[in-house]
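Take a look at the letters that make up each chain.
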Amino acid sequence: MARRSFDWGYSVKTTPKNVVVLLLDSLNRHEMGAYGGTNFDTPNLDRLAARSVRFTNHHTGSLPCIPARHDILVGAWDFLWKPWGSIELWEEPITASLRRAGVVTQLITDHPHLFEVGGENYHTDFTAWDYQRGHESDAWKTRPDDSWLGAPSFGRGHTHYDNSRGYFRSEEDFPGPKTMAATARWLTEDAPVHRAKDERFFLFVDEFDPHEPFDTPEDWAMRYDDSWEGPHLMWPPYAVDAIKEGVMTERDARQVRAQYGGKLSMIDHWLGKVLDALDVTNGWDDTAVILCTDHGHYLGDLDVYGRDVWGKPGLPVYKPLGHIPMLVSWPGIAPSTNDALTTSTDIHATIAEIFGTTIKHTAHGKSLVPVLSEEATSVRDWLLTGVWGREVQLVTNEWRYTRGPQGKNMPQTMWSNRWSTMPIGSMPDFKMPMPDNRAVLDFMPGSTVPVIRQPFREGDMLPFWAYAKKYETIMFNRAEDPDETVNRIDDSIAKEAEELLRVALHSVDAPSEQFERLALN
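Residues numbered from 1 in each chain as written. Predicted model: local features only at pLDDT ≥ 70, side-chain atom pairs only at ≥ 80, totals over all residues. Heavy atoms only, no water.

Q: Would you mind going over the overall build of the chain with me for this structure?
A: When helices and strands are counted, the chain shows 12 helices and 19 strands. Scaling as 2.2 N^0.38, a compact globule of 521 residues should have a C-alpha radius of gyration of about 24 Å, and the chain matches this with 22 Å. Based on the C-alpha atoms only, the size of the chain along its principal axes is roughly 60 × 55 × 50 Å. Taking all 521 residues of the chain together, 63% fall into the buried category. By element, 49% of the accessible surface of the chain is carried by carbon and sulfur atoms, the whole surface being about 19,700 Å². Where the 52 positive side-chain charges of the chain centre and where its 76 negative ones centre are 3 Å apart. (Helix = DSSP H or I, 4+ residues; strand = E, 2+ residues; numbered from the N terminus. Rg over C-alpha atoms; globule rule 2.2 N^0.38 Å. Buried < 20%, exposed > 50% of the residue type's maximum accessible area, 1.4 Å probe, protein only. Areas by Shrake-Rupley, 256 points an atom, 1.4 Å probe, with all protein chains shown as cover. Lys, Arg positive; Asp, Glu negative; His and termini not counted. Charge placed at Lys NZ, Arg CZ, Asp CG, Glu CD.)

In structure tokens:
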């Protein structure tokens, strides 16, 4: 597992020469027309789906934003060892191995976390990168433009976005449209030159829309709620039981959902320009196009207790957050629906196989080529997903089994040589607890590079990702209960799920503390 190259002995009808990955952040699968959504217009996502293999059983791995990029670009679940953080010394992104193979790599993005502490080393191995400024936490401007009056933010206070927003004079100035326009230009102006030189390329478009703020020009903002008066509610709360607790009203809830829908439809519109560029350059003929996301976004979806959930609060990974879309357009393969169980690390393994590169570190992905070529009906029997320090979840075709700490959420360990995580703009001095004299040097699975292993015990301050009001152990029978609403944790089969989780954690050499705090010894 520590070192892999890909030569499986089968072939697909046409091996793509190039790869384009289109990642739309916080893309709710159930709101896409191609997956049965009817609330919002997504004609271009549906247009892509019409020429793609539509995966119906695709799920998150490491969460949230940056850990999910780690899954895709590095191919390893890191949430069992560390929270949100940079690419580490013992691993490398797929772009490093592609560089050695002579592949041109391009990043086009408006995702600010890639250029903050906690996002180190994700962009540096691309041949070139294009950062479109101004989204959410991007520290782009030192002062606001007087034209921006702000918007209700459910207690967020002043944000970097408040400094940036007034400089968007038209729809074309918003970060999402700028990112998609830059992508279309690269596909029409640069990709043909690389083709003419017989140079293969990997284009990674990391588009932060429809992530909050759900801010759009007025036509989009009013599209699904034309009776709203006053500033739009573009900042969703991160809350549980928000309506009952008075965080928001039913009317506010409708407005927040409408603003998500407006942003989804706006970025879908601009995605159409990317698809047009692939059309005019005949890019579909030699390029695999993969559309994916990092996770969904709760918009009042109900938890197991019937409470409305908003944003990404400290809860288990319920279906709306963890069951995500993936579309794959592949030269020579007809559009279809595929029910194979997959996760984000499998995108990394697929890219590696397309370009014939070797992965030097331990990775957890399975190439999708066998199911795309119909040589196999599945590539995995289970997957793991979660947020560091909280519940660990096992997903199979039959179950979604979530196991939280069985008592106090201890012991814990963090494994890292970088020791950085997502900054909190309103609290710049709030950082992760530093390693102390209990730290030791250890080794990640398959690695000979020493890593700082910091233990945490009862009474210690933990990295903030580990905190939640309550930790859950729940199970849904996905086969009998596809909406995942009935907790089956008291069924006899829950013991089988518990044992499979224990086996799965052993198979990836998870830290011993995971077994202790989850009572899986």
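What follows continues from the structure just given.
Q: What's the story with the packing of helix 2 (residues 65-74) against helix 9 (residues 345-355) in this structure? I'm lost.
A: Helices that pack against each other are described as a pair by the angle of their axes relative to one another and the distance between those axes. Where helix 2 contacts helix 9, the axes come no closer than 6 Å and their chain directions differ by 25 degrees. The angle between helix 2 and helix 9 places the two elements in the roughly parallel class. Crossing geometry of helix 2 relative to helix 9 is assigned as right-handed. On helix 9, the residues touching Asp71, Ile72, Leu73 and Val74 of helix 2 are Thr345, Ile347 and His348. Taken together, the residues of the contact of helix 2 with helix 9 sort by class into four nonpolar, two polar and one charged. (Axes fitted to C-alpha atoms, helices over the stretch in contact; angles between N-to-C directions. Parallel < 35°, antiparallel > 145°, perpendicular 65-115°, else oblique. Left-handed = near helix turned anticlockwise from the far one by under 90°. Contact = heavy atoms within 4.5 Å. Nonpolar A, V, L, I, M, F, W, Y, C, P; charged D, E, K, R; others polar.)

Q: Just checking my understanding: could you explain the sheet that holds strand 18 (residues 450-456) for this structure?
A: Strand pairing in a sheet is mediated by backbone hydrogen bonds. Such pairs are either parallel or antiparallel. Read across the open sheet, the three strands follow the order 16-18-17; overall the sheet is antiparallel. Looking along the sheet, the strands with just one partner apiece sit at the ends: strand 16 (412-415) and strand 17 (440-443). Each neighbouring strand pair of the sheet contributes to a mean axis angle of 45 degrees, computed without reference to strand direction. Note: strand 16 against strand 18, four bridges, orientation antiparallel. (Pairing = 2+ DSSP bridges.)

Q: Quick question: what am I supposed to make of the side chain of Asp294 here?
A: If you trace the backbone, Asp294 turns up in the loop between strand 7 (287-292) and strand 8 (298-302). In terms of polar contacts, Asp294 uses its side chain to reach the side chain of Arg69, at 2.6 Å. Reaching out from Asp294, the side chain makes a polar contact with the side chain of His295 at a distance of 3.2 Å. Apart from the residues within four sequence positions on either side, Asp294 is in contact with Leu23, Leu24, Asp25, Ser26, Thr60, Leu63, Cys65, Ala68, Arg69 and Ile324. (Polar contact = N/O pair within 3.5 Å; in protein donor to acceptor, adjacent residues only side chain to side chain.)

Q: Looking at this structure, I do not really get the packing of aromatic side chains. What am I missing?
A: To describe a pair of aromatic rings, you give the distance between the ring centres and the angle between the ring planes. For the coordinates displayed, the defined rule picks out 18 aromatic pairs. Between Phe40 and Tyr224 the ring centres are 4.9 Å apart and the planes differ by 65 degrees, which places this aromatic pair in the edge-to-face class. Placement of Phe40 in the loop between strand 1 (18-24) and helix 1 (43-49) and of Tyr224 in the loop between helix 6 (218-221) and strand 6 (239-240) is noted, with a sequence separation of 184 residues between them. Site record: aromatic cluster; members linked through ring pairs are Trp140, Tyr161, Tyr167, Phe168, Phe174 and Trp235. A cation over a ring is seen here: Lys141 above Trp140, with NZ or CZ 4.5 Å from the ring centre. Between Lys141 and the ring centre of Tyr167, over which it is positioned, the NZ or CZ distance is 4.6 Å. (Phe/Tyr/Trp six-rings, centres within 6.5 Å; stacked < 30°, edge-to-face > 60°. Lys NZ or Arg CZ within 6 Å of the ring centre and 35° of its normal.)

Q: So what exactly am I meant to see when it comes to the layout of surface pockets here?
A: If a probe as big as a water molecule is rolled over the atoms, it shows which places are left empty. The space that makes up the second largest pocket amounts to roughly 350 Å³. The wall of the second largest pocket is formed by 14 residues, among which Asp301, Lys319, Pro320, Asp483 and Thr485 lie closest to the centre. At the level of secondary structure, the elements contributing two or more residues to the lining of the second largest pocket comprise strand 8 and helix 8 (319-322). Each residue belonging to the lining of the second largest pocket can be placed in one class, and the counts come to four nonpolar, four polar and six charged. (1 Å grid on protein atoms, 1.4 Å probe; cavity = no way out; pocket = protein on both sides within 12 Å on 5 of 7 lines; lining within 4 Å. Points joined across faces, edges and corners; volume = space filled by probe spheres on them.)

Q: Help me out: how do you make sense of the pattern of salt bridges in this one?
A: Two side chains with opposite charge may pair up if their charged atoms get near one another. In total, this model carries 34 salt bridges according to the counting rule given. One salt bridge connects Glu212 with Arg156, and the closest N-O pair in it is separated by 3.6 Å. Of this pair, Glu212 sits in the loop between strand 5 (201-207) and helix 6 while Arg156 sits in the loop between strand 4 (128-131) and helix 4 (160-164); the two residues are 56 residues apart in sequence, bridging distant segments of the chain. Residues Arg254 and Asp225 are paired through a salt bridge, measuring 3.7 Å at the closest nitrogen-oxygen approach. Remark: Asp225 occurs in the loop between helix 6 and strand 6 and Arg254 occurs in helix 7 (residues 250-280); sequence separation between them is 29 residues. With relative accessibility at 41%, the residue Arg254 sits in the partly exposed group. Put simply, Asp25, Arg69, Asp206 and Asp294 are held in one network by salt bridges that share partners. (Salt bridge = Lys/Arg side-chain N within 4 Å of Asp/Glu carboxyl O.)

Q: In this structure, what is going on with the packing of helix 5 (residues 175-196) against helix 7? I would like to understand it.
A: Between helix 5 and helix 7, the least distance of the axes is 8 Å, while the angle of their chain directions is 0 degrees. Compared by their axis directions, helix 5 and helix 7 come out roughly parallel. Between helix 5 and helix 7, the contacting residues are Gly176, Pro177, Met180, Ala181, Thr183, Ala184, Leu187 and Thr188 on the first element and Met266, Ile267, Trp270, Leu271, Lys273, Val274, Ala277, Leu278 and Val280 on the second. Tallied by class, the residues present in the contact of helix 5 with helix 7 amount to 13 nonpolar, three polar and one charged.

Q: What should I look at first to understand the sheet that holds strand 14 (residues 392-395) in this one?
A: One open sheet holds the four strands; their spatial order is 13-14-15-19, and the pairing between them is antiparallel. Looking along the sheet, the strands with just one partner apiece sit at the ends: strand 13 (383-386) and strand 19 (474-477). Adjacent strand axes in the sheet meet at a mean angle of 15 degrees when their direction is disregarded. With four bridges joining them, strand 13 and strand 14 adopt antiparallel strand pairing. What sits directly across from Gly386, in strand 14, is Val392.

Q: Where do I start with a nonpolar patch on the surface in this structure?
A: There is a patch of nonpolar side chains on the surface, built from Met427, Phe430, Met461 and Tyr467 and spanning about 410 Å² of accessible area. Turning to its location among the elements, Tyr467 is positioned in the loop between strand 18 and strand 19. Take Tyr467: its relative accessible area is 44%, and that puts it in the partly exposed class. (Patch = residues over 30% accessible without salt bridge, like charges linked within 9 Å, V, L, I, M, F, W, Y side chains within 5 Å.)

Q: Would you take a moment to explain empty space enclosed by the protein for this structure?
A: Applying the stated criterion across every chain yields a total of two cavities of 30 Å³ or more. For the largest cavity, the calculated volume is near 40 Å³. Every residue lining the largest cavity is listed: His135, Tyr161, Phe174, Pro175, Gly176, Asp209, Pro213, Asp215 and Lys263. Looking at side-chain class alone, the lining of the largest cavity contains four nonpolar, two polar and three charged residues. Reported here for the second largest cavity is a volume of approximately 30 Å³. Lining the second largest cavity we find Leu80, Trp388, Gln412, Thr413, Pro511, Glu513, Gln514 and Arg517.

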